[in-house]
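# Understanding the architecture of this molecule
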Amino acid sequence: MELLTSQQLKELLALRKWLHQNPELSGNEQQTSRKLEDFIQQTQPHKVITGLGGHGVAAVYVYDEQGPTILVRADMDALPIEEVNTFAHKSENDGVSHKCGHDGHSAILAGLALALKNKPLSAGRVVLLFQPEEETGQGAAKVIADEAFKMIQPDKAIALHNLPGFSKAAIVLKEGPFAAASTGMIVEIKGASSHAANPEQGNSPYKMLAEAMLQLTELPEKKKDIFKDFCLVTIIHAKLGEVAFGTNPGKAILMATLRTFLNEDMDKLKKKAEILVKTLAEENKLKIDISWTEEFPATINDKEITEVIRNVSEDLGEEIIEIEEPFRWSEDFGHFTSRFPAVLFGIGSGKDSPGLHNHDYDFPDEILPHAVQVFYHTLKKLTTNKK
Ligand SMILES: [Zn+2]
Ligand SMILES: [Zn+2]
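Cut-off values and rules
- Residues numbered from 1 in each chain as written.
- Chains lettered and ligands numbered in written order.
- Predicted model: local features only at pLDDT ≥ 70, side-chain atom pairs only at ≥ 80, totals over all residues.
- Helix = DSSP H or I, 4+ residues; strand = E, 2+ residues; numbered from the N terminus.
- Rg over C-alpha atoms; globule rule 2.2 N^0.38 Å.
- Contact = placed C-beta atoms within 7 Å.
- Domains from an automatic or database assignment.
- Nonpolar A, V, L, I, M, F, W, Y, C, P; charged D, E, K, R; others polar.
- Pairing = 2+ DSSP bridges.
- Axes fitted to C-alpha atoms, helices over the stretch in contact; angles between N-to-C directions.
- Expected span 1.5 Å × (residues − 1).
- Buried ≥ 20, exposed ≤ 12 C-beta atoms within 10 Å, placed from the backbone.
- Arc of directions from axis to C-beta.
- Core = buried A, V, L, I, M, F, W, Y, C linked by C-beta atoms within 7 Å.

For the protein chain, the count of helices and strands is 9 helices and 16 strands. Radius of gyration (C-alpha) of the protein chain: 23 Å, near the 21 Å computed for a compact globule of 387 residues. Overall size of the protein chain, expressed as C-alpha extent along the three principal axes, is 80 × 45 × 40 Å. Restricting the contact set of the protein chain to residue pairs at least 6 apart, pairs at least 24 apart contribute 81%.

Turning our attention to the domain arrangement of the protein chain. Annotation of the protein chain at the domain level lists domain 1 (6-179 + 298-384) and domain 2 (181-296). Centre-to-centre separation of domain 1 and domain 2, based on C-alpha positions: 36 Å. Counting residues at the interface gives 10 residues for domain 1 and 9 residues for domain 2. Partitioned by chemical class, the residues of the side of domain 1 that touches domain 2 number 3 nonpolar, 4 polar and 3 charged.

So, on to the sheet that holds strand 13 (residues 287-296). With antiparallel pairing, 4 strands are arranged side by side in an open sheet as 10-12-8-13. Both edges of this open sheet fall to strand 10 (231-240) and strand 13, since each of them pairs with a single strand only. Between one strand and the next, the sheet's axes are offset by a mean angle of 15°, whatever the strand orientation. Sheet topology note: the strand 8 (residues 181-190)/strand 13 ladder contains 8 bridges and is antiparallel.

It is worth spelling out helix 2 (residues 30-41) at this point. Along its 12 residues, helix 2 runs 17 Å from first to last C-alpha, staying within 8% of the 16 Å computed at 1.5 Å per residue. When helix 2 is considered as a whole, its buried residues turn out to be Thr32, Ser33, Lys35, Leu36, Phe39 and Ile40. Here the buried residues of helix 2 occupy an arc of 160° about the axis, which is enough to place them on one side. Exposed and facing more than 90 degrees away from the buried side of helix 2 are Gln30, Asp38 and Gln41. At its buried positions, helix 2 is contacted by helix 1 (6-21), strand 1 (47-52), strand 2 (56-62), helix 3 (102-118) and strand 4 (125-131).

On to the sheet that holds strand 5 (residues 156-163). Each strand in a sheet pairs with its neighbour through backbone hydrogen bonds, running either in the same direction (parallel) or in the opposite one (antiparallel). The mixed open sheet is built from 8 strands, whose spatial order is 1-2-4-3-5-16-6-15. A strand with exactly one partner marks an edge of an open sheet, and here the two such strands are strand 1 and strand 15 (320-322). For this sheet, the mean angle separating the axes of adjacent strands, direction not counted, is 25°. In this structure, strand 6 (residues 171-173) lies alongside strand 15, joined through 3 bridges in parallel fashion. Bridge pairing in strand 15 places Ile171 opposite Ile320.

For the rest of this paragraph, the subject is unusual backbone geometry. In terms of backbone geometry, most residues other than glycine have negative phi values and most peptide bonds are trans. Unlike most non-glycine residues, Gln153 shows phi in positive territory, near 25°. With respect to the element layout, Gln153 can be found in the loop between helix 4 (139-145) and strand 5.

Of all hydrophobic cores here, the largest spans 99 residues; its most connected members are Val72, Leu112 and Leu128. With 9 residues, helix 3 is the largest single contributor of residues to this core. If you count residues domain by domain, this core takes at least three from each of domain 1 (6-179 + 298-384) and domain 2 (181-296). Those residues in contact with Leu128 that lie beyond four places of it in its chain are Ile40, Ala58, Ala59, Val72, Leu109, Leu112 and Ala113.

Here the focus is the environment of Leu262. When you line up the elements, Leu262 lands in the loop between strand 12 (251-260) and helix 6 (263-283). Given 21 C-beta atoms within a 10 Å radius, Leu262 is considered buried. The sequence separation of Leu262 and Met213 amounts to 49 residues, and the corresponding C-alpha distance is 23 Å. Ignoring any residue separated from it by four or fewer positions in sequence, one finds Leu262 in contact with Pro177, Lys228, Asp229 and Ala298.

Let us look at helix 1. Relative to the 22 Å expected for 16 residues at 1.5 Å per residue, helix 1 spans 23 Å between its end C-alpha atoms, a close match to the ideal helical length. Taken together, the buried positions of helix 1 are occupied by Leu12, Arg16, Leu19 and His20. Summarising the axial view, the buried residues of helix 1 lie within an arc of 105°, below the 170-degree limit, and thus occupy one face. Residues Ser6, Gln7, Lys10 and Ala14 are exposed on helix 1 and point more than 90 degrees away from its buried face.

A few words now on the pairing of strand 5. Counted residue by residue, strand 5 has 8 buried out of 8 residues, so it is predominantly covered. Going residue by residue along strand 5, you find Lys156, Ile158, Leu160 and Asn162 tucked away on one face and Ala157, Ala159, His161 and Leu163 tucked away on the opposite face as well. In this sheet, strand 5 lies alongside strand 3 (residues 69-75) in parallel orientation, the contact comprising 4 bridges. Bridging across to strand 5, Val72 finds its partner in Ile158. In this structure, strand 5 lies alongside strand 16 (residues 342-348), joined through 7 bridges in parallel fashion. When the bridges of strand 16 are listed, Asn162 appears paired with Ile347.

Printed below as a string of structure tokens:
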């Protein structure tokens, strides 16, 4: 028996397109969360929690108090990217669009709510979490830290991300590290400005800035003996002084993204980067201030849950792709995998799909019912397993 009626599928696709047309940036998902809350109310959850970690919404379905609680998470924020697509459901919010498919992820979760209404489970509790602020790495941590999250306390958690470059609806799996840890490093450098005619009277950070850019990017290779797996430093922003031809600059700012497959390597890479920058500052008699932002832990997938998803996908006749290398991008679902047995899996959005965050990307609706099925049957298995 089909999990969704054709009328329900139509409603879901309309919901997905509405979300696409009305994208909201991380932390500003007011309309999005209200729309999703309204939609899931029709599935009569046992409880709906709103305002979770900002604009998060969780719907709780209780089948049997004794069984385990399984959380399914979808993200819902859009990106500060101007959409170039011209289709009818194109973004109506200038400079903002759903270029990561979080509109699709939320619609899938809404579809799962409908499937659970059509065919209720027999055991456990299910929490459907619409999570805000994924793109900035804030949402998952905020939701988990929220006082109301205590009412949810999952035993296990699952989530998916659509993946351009893989055939449509293929289920992409890997146990262990699945997506990289990443952290933003901000280095403010303070020297002393002077007239451009007398640079010797000031202390410009230009040399240190140039050195730091080179040495930071070379750090993973130079220190490779101490790292267990893949490490990468990417310079993402640098600024020296102001555009003033009469002035020898007295300050600079440098930003880099640090990336590793393992959390322990991230700890080491951060320390090494800090030592490197501090040493350069001392050598150049400059003051520095280091801060960290957008910290994503690595997403580490649980073995048993991966096995369940693999079996379920096989039974459903879905194509399964087992990847060998983790993805280099990060997901804030890493906050869940570091606290609960959890799995993030991928679902192919088509080999020809534009990449995530590309200005012409759009979520492929055909994969939506496949994702609902995989989630539903995974829940069915996980809720009947022991805690
Ligand atoms: Zn994204
Ligand atoms: Zn995303």
